[in-house]
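Take a look at the letters that make up each chain.
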Amino acid sequence: MNKPRKPIPVAHPVLDGNERAYVLDCIDSSWISSVGKYIGQFEERFAAFCGTSHAIACNNGTTALHLALLGLGAGEGDEVLVPTLTYIASANAVRYCNATPVLVDSEPLTWNIDPSLIERAITPRTKGIVVVHLYGHPADMDPIAAIARRHNLFILEDAAEAHGATYRGRPAGSLSHAATFSFYGNKIITTGEGGMITTADPALAERIRLLRGQGMDPSRRYWFPIVGYNYRMTNIAAAIGLAQLERIGHHLDKRAAIAALYDAALAPIDGAIVRPHVAAWARHSYWSYSILLRHGGAEERDAVMEALAADGIETRPVFIPLHAMPPYQPPFAGCRGPYPVAERIGASGISLPMHGLLETSDIEWIASRLTHHLSSACQPPSQR
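A. How the structure looks around the sheet that holds strand β13 (residues 316–317). A sheet is described by the order of its strands in space; here four strands give the open sequence β10-β12-β14-β13, paired in antiparallel fashion. Looking at which strands have only one partner, the edges of the open sheet turn out to be β10 (273–274) and β13. Across the sheet, helix α10 (residues 298–310) touches β12 (289–293), β13 and β14 (349–352), and the angle it forms with β14 is around 20°.

Right under this line is the structure:
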């Protein structure tokens, strides 16, 4: 198979709707900062997309987590359960609140937080649970919700990677007390940088809006009853987001089609890799198409990634578990392992290119080169 003429990036935004027209409207009208019509429209339509009543836009996914945790009451002395296999912002935002993230291992199929391990991690100090819908596959929410009800805990969905994912027919973003999304440039829809909090609780939405805008009383200009934050989204970013949201069905369908191409192309090497699992109750949004090597660990995984890079194929390692990071290693109070599942996934996982500009020939090239490199890795050194 011939090598594509251009390198294949692991992610790429697709800006093929009204993005340019809406941004130029912001510029022509001079409404370019954190006030303007596109912010309200984006919030309203995103809430509807998630099947909830409130959406609050902010400047990135990490500040969305921080605002949501503050609104839910996380504070000093509290513990919040967080999966150890996630992007570090999920835990960092807990620490911004002076609370302690308590790390929980993954379950092996979807790689999300293991519901069977949650209850044993709960202590009298536990305030809530951050549930990450990792790489676009929703977590198993019903047993988690039952645990949270028994212990009077909040649930916050970190849905940064799960726009359009569903759990038993219900959208991510509507499955808990609140949820957060990221619109970074590599996400399913993007505003460049940006975030969103969704909730069905009007009082919580009001608190989050107050915190987002420096704590200024909405009914009394320049009156600040609390210490707040400047976490607002710009009108230009919201304009891009609105245009992206108008075509989110197309973006999701394209990713599902690419995933199906990967599944077909990689099925012959199932003895060497584990393809993404999709539970019967889930719609995977395929922010990422991530695989595991069945044999070997980080050294073998890195060698395969280096070989793919030489072929012009950009990849990423699966997230390193948080308990391996310096801020969260023992003796950090929230590191209460062991974490065998997350460690296995983190050591052998590869995220392959996934974005809306990929073509069938790209997937075929990626699969052929991956197959070649895995075959070479299995040969004795003298035959390579």
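B. Fine view of helix α6 (residues 141–151). Turning to α6, its buried residues number three or more, namely Met141, Ile144, Ala145, Ile147 and Ala148. Taken around the axis of α6, the buried residues stretch over an arc of 160°, which confines them to a single face. Of the residues in α6, the exposed ones pointing more than 90 degrees away from the buried face are Arg149 and Arg150. On the buried face of α6, the contacting elements are α5 (115–121), β4 (126–132), β5 (154–158) and β6 (166–167).

C. Region of the structure containing the layout of surface pockets. Here the largest pocket defines a volume of roughly 730 Å³. Lining the largest pocket are 30 residues, and of these Tyr87, Tyr184, Asn186, Lys187 and Trp287 lie nearest its centre. Residue assignment for the lining of the largest pocket shows that the elements contributing at least two residues are α3 (61–71), α4 (89–96), β13 and β14. By residue number, the principal contributor to the lining of the largest pocket is α3, which donates three residues. Tallied by class, residues from the lining of the largest pocket come to 15 nonpolar, 10 polar and five charged.

D. View of the side chain of threonine 199. Looking at the element boundaries, threonine 199 is found in strand β9 (residues 195–199). With a relative accessible area of 1%, threonine 199 lands in the buried category. Not counting residues within four places of it along the chain, the set of residues in contact with threonine 199 comprises Thr52, Ser53, His54, His177, Ala178, Leu204 and Ala205.

About the thresholds
Residues numbered from 1 in each chain as written. Predicted model: local features only at pLDDT ≥ 70, side-chain atom pairs only at ≥ 80, totals over all residues. Heavy atoms only, no water. Pairing = 2+ DSSP bridges. Helix = DSSP H or I, 4+ residues; strand = E, 2+ residues; numbered from the N terminus. Contact = heavy atoms within 4.5 Å. Axes fitted to C-alpha atoms, helices over the stretch in contact; angles between N-to-C directions. Buried < 20%, exposed > 50% of the residue type's maximum accessible area, 1.4 Å probe, protein only. Arc of directions from axis to C-beta. 1 Å grid on protein atoms, 1.4 Å probe; cavity = no way out; pocket = protein on both sides within 12 Å on 5 of 7 lines; lining within 4 Å. Points joined across faces, edges and corners; volume = space filled by probe spheres on them. Nonpolar A, V, L, I, M, F, W, Y, C, P; charged D, E, K, R; others polar.

So yeah, pure geometry; function would need other evidence.
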